[in-house]
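Secondary and tertiary structure notes
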Amino acid sequence: MTSRREFLTTAAAGAGIGVPLLAGAAKPPAKTSANDKVQIALIGCGGMGQGDAHSSTATGLTKLVAACDCYDGRLTHMKEVYGPQIFTTRNYEEILARKDIDAIIIGTPDHWHSRISIAAMNAGKDVYCEKPMSHTVADGFAMVDAVQAGRRIFQAGSQRVSSILYAKAREIFASGRLGEVHSIDAQWNRNSPGGAWVYPIPPDACEQTIDWNTFLGPAPKRPFDPVRFFRWRCFSDYGEGLAGDLFVHLISGIQCITSTNTVAERAISTGGLFHFKDGRDFPDLLQTTYDYPNLRVTIRCNLMNDGGEFIGFYGNKGTMIIKDSTLSFKPQDTRPEPETYSTVGWPKTEREAYLAKWEADHPRTPPLDFKMDEDSETFAPPP
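Scope of this entry: the structure provided in the associated data block. Given the structure is predicted, the values throughout are model-derived calculations rather than measurements.

With that settled, the discussion passes to helix 5 (residues 113-122). By the burial criterion, the buried members of helix 5 are H113, S114, I116, S117, A120 and M121. Directly after helix 5, the chain includes G124, whose backbone phi takes a positive value near 85°.

Structure below.
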């Protein structure tokens with residue numbers, strides 16, 4: 001059986017398969033009953049927070065005991081789903097003060113990630129924080145320091161690094177079957193208002209049902225605006241737009257598969273705001289090429305086409321494609337062949353001499369040493 005502390009340690013380590021996630025050194029397992037459930041609280045009860053809480057409790061190993069959000073409607077929903085007994089509040093500090101909570105799930109807007117993560121770890125809680133890990137680079141370093149100082153477990157929520165599909169891709173990449181890989185292309189395309197974060201605003205949204213000042217927190221002060229509250233990903237005060245919502249998935253998945261644990265040496269980016277001219281700060285089309293020491297990665301995200309998710313790894317021995325939830329590998333035919341295109345205009349004697357020398361330099365493989373051609377492969381996770 002697994003203690004709840006061991007479970008938390010295993011969960012954090014199991015998802016961090018060689019990618020830039022943080023896992024602080026855990027304290028020794030607590031001497032508690034092996035039947036105890038990890039008691040968790042959700043801070044930020046929007047779409048991703050709800051999904052994370054459901055995934056966690058569905059394991060049967062955790063129990064949701066508290067929830068925090070700035071919109072009363074979400075707190076009402078939490079009681080509807082998890083029962084009237086769970087503790088709900090607008091004030092996350094009331095969550096952190098509770099001694100019966102082992103770990104925190106943070107699903108808040110990005111500009112709150114570092115402040116709540118650090119406070120939670122200082123309060124002795126382990127943390128699962130939605131991606132992107134931090135709103136600024138400085139915030140990220142402060143979170144690293146808090147993990148190390150408090151010896152807490154911290155996991156950043158990028159789903160692809162926990163996916164068995166990406167584990168399979170990592171296995172193929174590490175096997176050398178792709179040969180030399182110097183080019184990776186990735187894209188994620190969506191074509192709907194929801195995909196562009198134009199979320200509906202509930203009819204009861206007002207200053208009485210929303211704690212606007214707490215939502216703003218470290219962001220610049222502004223008059224109450226439900227658009228900014230419910231569509232915060234569109235605004236640089238609270239989110240990162242395409243970079244923080246979609247690019248982070250693609251680049252973390254690529255780093256996971258390739259075992260890359262460094263930042264690019266430089267990046268060249270272009271894009272624009274072409275369709276969703278609704279007051280947002282961020283482009284709806286963004287393309288960036290990242291220069292790593294031996295690798296070029298190009299990522300494009302477009303909110304005006306429903307092309308889905310794609311990552312292509314192009315090696316001199318094979319091609320590996322991830323398209324949505326399917327992985328395919330196709331080997332290249334690298335068997336040597338004589339050159340016929342450029343020699344077609346040679347005199348007959350010169351052409352025959354070239355072919356004779358080529359045959360001598362490339363003797364046929366003896367029958368017992370002959371290997372079958374490698375087959376293409378397709379992999380998809382089970383339902």
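Text resumes after the structure shown.
On to the sheet that holds strand 1 (residues 38-43). What the 6 strands build is an open sheet, ordered 3-2-1-4-5-6; its pairing is parallel. A single partner strand is all that each edge strand has here, and the edge strands are strand 3 (87-89) and strand 6 (154-157). On average, adjacent strands in this sheet sit at an angle of 20° to one another, irrespective of strand direction. Across the sheet, helix 5 is in contact with strand 1, strand 4 (103-106), strand 5 (126-130) and strand 6; its angle to strand 5 comes to roughly 170°.

In this section: the nonpolar core. Of all hydrophobic cores here, the largest spans 47 residues; its most connected members are I299, I311 and I322. If you tally residues by element for this core, the top one is helix 10 (residues 242-258), at 7 residues. Apart from residues lying up to four places away in sequence, I322 is in contact with L165, Y166, A169, I257, E309, F310, I311, F313 and L327. Of all hydrophobic cores here, the second largest spans 23 residues; its members include A66, I101, V147 and F154.

All right, on to the environment of G195 then. With respect to the element layout, G195 can be found in the loop between strand 7 (181-189) and helix 8 (212-216). Linking G195 and D306, residues 111 residues apart in sequence, is a C-alpha distance of 9.5 Å.

On to the packing of aromatic side chains, then. Per the counting criterion, the structure on display carries 9 aromatic pairs. Look at Y92 and W112: their rings are 5.6 Å apart centre to centre, the planes differ by 70°, and that puts the pair in the edge-to-face class. Here W112 lies in the loop between strand 4 and helix 5 and Y92 lies in helix 4 (residues 92-96), a separation of 20 residues in the sequence. For the pair Y92 and W112, one class covers both residues: buried. Between F229 and F230, the ring centres sit 4.8 Å apart and the planes meet at 75°, which makes this aromatic pair edge-to-face. Grouping residues by exposure puts F229 and F230 together as buried. If you follow K168 out to its NZ or CZ, it ends over the ring of F379, 5.9 Å from the centre. When the ring centre of F235 is taken as origin, the NZ or CZ atom of R228, which lies over that ring, is 4.3 Å away.

Our next topic: the sheet that holds strand 12 (residues 318-323). The strands that make up a sheet are held in pairs by hydrogen bonds between backbone atoms, and each pair lies either parallel or antiparallel. Taken together, 8 strands build an open sheet; the order of strands is 8-9-10-7-11-12-13-14 and the sheet is mixed. The sheet is open, and its two edges are formed by strand 8 (266-272) and strand 14 (377-379), each paired on a single side. With strand direction ignored, the average angle separating the axes of adjacent strands in the sheet is 10°. Across 5 bridges, strand 11 (residues 308-315) lies against strand 12 in antiparallel orientation. Residue pairing in the sheet places I311 in a bridge with I322 of strand 12. Of the strands in this sheet, strand 7, strand 9 (285-292), strand 10 (295-302), strand 11 and strand 12 are in contact with helix 10, which crosses strand 9 at around 30°.

Scoring rules and cut-offs
- Every chain is numbered independently, its residues counted from 1 as its sequence is written.
- Thresholds applied to this predicted model are a pLDDT of at least 70 for local features of residues and 80 or more for the giving and counting of side-chain atom pairs; totals over whole chains, interfaces and linings are not thresholded and use all residues.
- Hydrogens and waters are ignored; side-chain quantities use all the structure's heavy atoms.
- For every residue, the accessible area (1.4 Å probe, protein chains only) is compared with the maximum for its type, and the residue is labelled buried under 20%, exposed over 50%, or partly exposed between those bounds.
- Every helix listed is a DSSP run of H or I at least four residues long, and every strand listed is a run of E at least two residues long, numbered separately from the N terminus.
- Pairing between strands is defined by DSSP: at least two bridges between them are needed.
- Orientation is described by axes fitted as lines to C-alpha atoms, over the contacting stretch for helices, and by angles from 0 to 180 degrees between their N-to-C directions.
- Contacts: residue pairs with any heavy atoms within 4.5 Å of one another.
- Throughout this description, the term nonpolar core refers to a set of buried Ala, Val, Leu, Ile, Met, Phe, Trp, Tyr and Cys residues connected via side-chain atoms within 4.5 Å.
- Pairing of aromatic side chains requires ring centres within 6.5 Å, counting the rings of Phe and Tyr and the six-membered ring of Trp. Pairs whose planes differ by under 30 degrees are stacked, by over 60 edge-to-face, and all others tilted.
- As a reminder, the over-ring test applies to NZ of lysine and CZ of arginine, requiring each to be within 6 Å of the ring centre and within 35 degrees of the ring normal.

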